[in-house]
Amino acid sequence: MSDKPTINQDQAEARIDELIAEAMKGLDPKPRLERFEEHDLLRRCLDPADGGSEDRVVVSKRYWLEDIPKKEPNAQIAEQVIANMKKAGHSVFSTNGLGTDKPEIFIASRPDDFRMSLIGSADGSLSIGATSPCVWQGGTPGGEPTLD
Amino acid sequence: MTDQAEPYVRAADEIRRLAETHDTDLDAFARRVGYGLRGPAGHRIFDETRGHRNGLHQAFQRAWEDVAALARRHGGSTGAGPYLATAGFGGYAGGSLRGVDEDAVRQAMREAKNHGAALCDAGRRLAGILSRVGVNPSPGHQVQELGDWLLGQDRELRHRLDQALAAEAVMGDAFAGLGSGVPTLAERLGRLSDAQHGELARLHQINGLPLGRERAQKTAAWWRTLSEADRRRFTELFPRTIGGLDGLPSLSRHLANERVLKTDQRRLQARLDTLPWTDASGDPVNVLERDRIEKQLAVLTVIQSEIRKMNFDAKGDPKKNEDTWAYLLGLDIDHRKVIFSYGNPDTADNITTFVPGFGTTITSTQDNLKRAADTRTFALAADRSHSTASIYWLDYPTPLAFDVLTPGNADDGGPRLGAFQRGLEAARLGREAHTTLLGHSYGSLACGRAAVRFPKIADELVFVGSPGVAVDRAEQLRVSPQHIWASATDNDPVTGAPPFPWILIPGGRKYAEEQGLGVFGSDPTQRASVGAPSTPRPAPRGPVDSVVSTRTPSTGIPIPPPS
């Protein structure tokens, strides 16, 4: 099973940005996405639930939502994100703090099972990020990955 | 006896008594030195003392004879001369043994001080007696000089003892760079001043304290009293020792361990370069060793590139904000020790120490560093206004096979982990911080062991994928049960019911289920035992908002909080 080809690293990264863009649809004002400093793009695929190869990688990106007021719009942004993702057919499988300025939303994309989260910080900032399932770095099985 | 002879007879008698009182003044010192200070240095002092003893006896003998001759010339009779101890004070006891017996040396110092003063006094009195009767007082001066020499031995021994204790303190650096052009430990110690030896001797005494708060605080204070020049010197010459001292500021440890890293790279590369690939008949040799060294070098490269990424900008200049740097707090590549912090624990608002578990080896370093980095990322996501230092702590022999079923390895690591945490506390100089100890799998047992021994080892204890932490009640961990968290996933055989190892034993499953047992005491995810939140998959809250477990589904994102 683990020997099946997958999307490659670049495609996984693009998919993450696509999902985040989906989540951000219709937000007004539109936040500027600022990448988390020193947050690595790649990890090894450790002990995967599908029992497959650990030579695959996991791609992960996280952003701050900048240029928007802190706290005040957060509840509404959370609502909009949930609506956007549900509309796109993804699964919002866990939430916390809805209606407050410190929401937490956990999403699994369908059909490809990327995991996303929107998290409210104690200071009123919001961040959004996503992580891919295990993928072959080059898309085809075989070879050890090169991590950053 | 004539009147003229009388003063000479009396003087001779006084000299005899003085001689018989002081003839063994050097003996106790010699014996102690001979026992306590072994090796060439001890031998030399012992021989010197033997020579001085002869000189002492000769001085008294001559003084008495000069006065006795005058007494006889004036018709007096003096009786027998002083009876001086002829037995030597034994052979040199140390033989070819090396080393220092601290107690014996300190006793020798006391003897030197006491008898040195006594001999000086005796010498003065002897000179006085001789002068009174018109005889050359030089034997008295000679005895006085011997007294001064003996007094000087107190200082001499203090320096030698300091040198010996200093060597003990930095013994960890003895084998550092053998074969890669680094001077021997003796050569490096030889470059230090007496005062610097004394400072290291003090460190050795602090190292004699049991692991814990007092030792960490005293180590911190010791470092603070050193001059900047001395700190630089010690870091330069003894980086392994300095880099491993709990209680030192994180930057100081980091600078020392960076040196260790570079030395290790040179040493390992040199070894690799000289290993033959084949033997005389062309068969491959040294395959395992080459593999081991290559793995070690790979890990050092990973650590080095993390430091570069975190501490330097694109141009290669150090980043201005040292609070966000990475700090290499410990490194011993041959003994599975890597302690690495993302963020400065001395200044951070939150500190997490992540202790890995079963199967962790030096090659797991890159994966575990990423876990530590991710923890910091998500802590930041949860609270941008506070800083977090996320530490990866590996300094115990993680079980690699069936030794996972015994607590021995954790017993080894627990005290060191506790000492490390106390060291962070001391380095913070009273700054408040919210601390979390995060144990994964077998690592949670090491955490448990540390917690049981060191009260309030952290503000929060988090156990992920834990087989048990060797206590039956949360209170035994000496942290309030409201601050103990446990988390597991349903598909984890380590924490699932029944616990994995029991399945191997016939009847074990039923027994384990009935008892609610993990391998090492109660399963921490059971509410009754640990007081963790009551949901079966609780997630930790507070500054550490997420935990990355290998047992989650094939992603690396945090276990979500319950809805």
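Residues numbered from 1 in each chain as written. Chains lettered and ligands numbered in written order. Predicted model: local features only at pLDDT ≥ 70, side-chain atom pairs only at ≥ 80, totals over all residues. Heavy atoms only, no water.

**A short note on the overall build of chain B**
What counts here: We count a stretch as a helix when DSSP gives it H or I for four or more residues in a row; a strand needs E for two or more, and each element gets its number in order from the N terminus. Exposure categories follow from relative accessible area, calculated using a 1.4 Å probe and restricted to protein chains: below 20% of the type maximum is buried, above 50% is exposed, and the middle band is partly exposed. Any two residues having at least one pair of non-hydrogen atoms within 4.5 Å are treated as being in contact.
Secondary structure assignment for chain B yields 18 helices and 11 strands. The buried share of chain B, reckoned over its 563 residues, is 53%. Long-range pairs, those at least 24 residues apart, make up 70% of the contacts in chain B between residues at least 6 apart in sequence.

**Structural notes on the nonpolar core**
Soluble, globular proteins show a tendency: their nonpolar side chains are buried together. Residue and element names in this part refer to chain B. What counts is decided by this rule: Definition used in this section: a nonpolar core is a set of buried Ala, Val, Leu, Ile, Met, Phe, Trp, Tyr and Cys residues joined via side-chain atoms within 4.5 Å. Start and end points for every domain follow an automatic or database-based domain assignment.
In terms of nonpolar packing, the biggest core is built from 64 residues, with Ile 303, Leu 331, Phe 340, Ile 457, Leu 461, Phe 463 and Leu 477 touching the most fellow members. Ranked by residues supplied to this core, first place goes to helix H12 (residues 287-311) with eight residues. Three or more residues apiece are contributed to this core by two domains, here domain 2 (171-313) and domain 3 (336-530). The contact partners of Leu 477, leaving out residues within four places of it in the chain, are Gly 448, Ala 451, Val 452, Leu 461, Phe 463, Val 469, Val 471 and Ile 484. Judged by nonpolar contacts, the second largest core, of 41 residues, contains Val 9, Ala 122, Leu 126 and Ile 129.

**Quick notes on the sheet that holds strand E5 (residues 350-355) of chain B**
Residue and element names in this part refer to chain B. Put simply, the rule reads: Paired strands, in this sense, are two strands between which DSSP finds at least two bridges. Axes here mean lines fitted to C-alpha atoms, for a helix over just the part in contact, with angles spanning 0 to 180 degrees between N-to-C directions.
The sheet built from seven strands is open, its strands ordered E3-E4-E6-E5-E7-E8-E9 with mixed pairing. At either margin of the open sheet sits one strand with a lone partner, and together these are strand E3 (326-332) and strand E9 (484-487). Taken pair by pair, the neighbouring strands of this sheet meet at an average axis angle of 15 degrees, ignoring direction. As paired elements, strand E4 (residues 337-342) and strand E6 (residues 388-394) share five bridges and run antiparallel to each other. Residue pairing across strands places Ser 341 opposite Ile 391, the latter belonging to E6.

**Regarding the confidence of the model for chain B**
Detailed conclusions should not be drawn from predicted coordinates in areas where pLDDT is low. Residue and element names in this part refer to chain B. Just so we agree on the cut-off: pLDDT expresses, on a scale from 0 to 100, how confident the predictor is about each individual residue.
When pLDDT is averaged along chain B, the result is 83; 82% of the residues meet or exceed 70. Of the regions scoring below 50 in pLDDT, residues 526-563 engages in 105 contacts with residues more than four places distant in sequence or in other chains. Of the two predicted TM-score estimates for the complex, the pTM is 0.82 and the ipTM is 0.92.

**Concerning the domain arrangement of chain B**
Residues and elements named next belong to chain B. As a reminder of what qualifies: Reported buried area values correspond to the accessible surface (1.4 Å probe) lost by two parts on association, with both partners' losses combined. By convention in these notes, a salt bridge is any Lys or Arg side-chain nitrogen within 4 Å of a carboxyl oxygen on Asp or Glu. Polar contact criterion, stated in full: a pair of N or O atoms within 3.5 Å, where within protein one must be able to donate a hydrogen and the other to accept it, and residues adjacent in sequence count only if both atoms are side-chain atoms. Polar here means any residue other than Ala, Val, Leu, Ile, Met, Phe, Trp, Tyr, Cys and Pro, which are nonpolar, and Asp, Glu, Lys and Arg, which are charged; Gly is therefore polar.
Partitioning chain B into structural domains gives domain 1 (6-169), domain 2 (171-313) and domain 3 (336-530). Averaged C-alpha coordinates put domain 1 and domain 2 at centres separated by 46 Å. Counting residues at the interface gives 10 residues for domain 1, matched by 13 residues for domain 2. Per-residue buried area on domain 1 facing domain 2 is highest for Ala 166, Ala 167 and Ala 169; these three make up 44% of the total on that side. Applying the counting criterion to the domain 1 and domain 2 interface returns zero salt bridges. At the boundary of domain 1 with domain 2, the tally comes to two residue pairs in polar contact (both at pLDDT 80 or more). Looking at the side of domain 1 that touches domain 2, the elements that each hand over two or more residues are helix H4 (102-132) and helix H5 (138-169). Element by element, the count of residues in the side of domain 1 that touches domain 2 is highest for H5, at eight residues. Here the side of domain 1 that touches domain 2 is built from residues that sort into four nonpolar, two polar and four charged.

**A few points about the pairing of E6 of chain B**
Each regular strand shows side chains that alternate between the opposite faces of the sheet. Residue and element names in this part refer to chain B. Using the following cut-off: A clockwise path from the first strand over the helix to the second, with the strands pointing away from the viewer, defines a right-handed crossover.
Most of E6 sits inside the fold, with seven of its seven residues counted as buried. Where burial is concerned, the two faces of E6 agree: the one with Thr 388, Ser 390, Tyr 392 and Leu 394 and the one with Ala 389, Ile 391 and Trp 393 are both buried. Where E5 and E6 come together, five bridges link them in parallel fashion. Its bridge partner lying in E6, Phe 354 is registered against Tyr 392. Where the polypeptide runs from E5 across helix H13 (residues 365-382) and back to E6, its parallel neighbour, the crossover connection is right-handed.

**Considerations on the pattern of salt bridges**
A full pass over the atoms with the stated rule returns 43 salt bridges over all chains. With a closest N to O distance of 2.8 Å, Arg 384 of chain B and Glu 66 of chain A form a salt bridge. Remark: Glu 66 of chain A occurs in strand E3 (residues 57-66) and Arg 384 of chain B occurs in the loop between H13 and E6; the pair is interchain, linking two chains. With a relative accessible area of 25%, Arg 384 of chain B lands in the partly exposed category. Salt-bridge contacts for Lys 102 of chain A lead to Glu 104 of chain A; the nearest nitrogen and oxygen are separated by 3.9 Å. On the basis of relative accessible area, Lys 102 of chain A is assigned to the partly exposed category, the value being 30%. Shared partners join several salt bridges into a network, and the residues in it are Arg 240, Asp 264, Arg 267, Arg 271, Glu 289, Arg 292 and Asp 334 of chain B.

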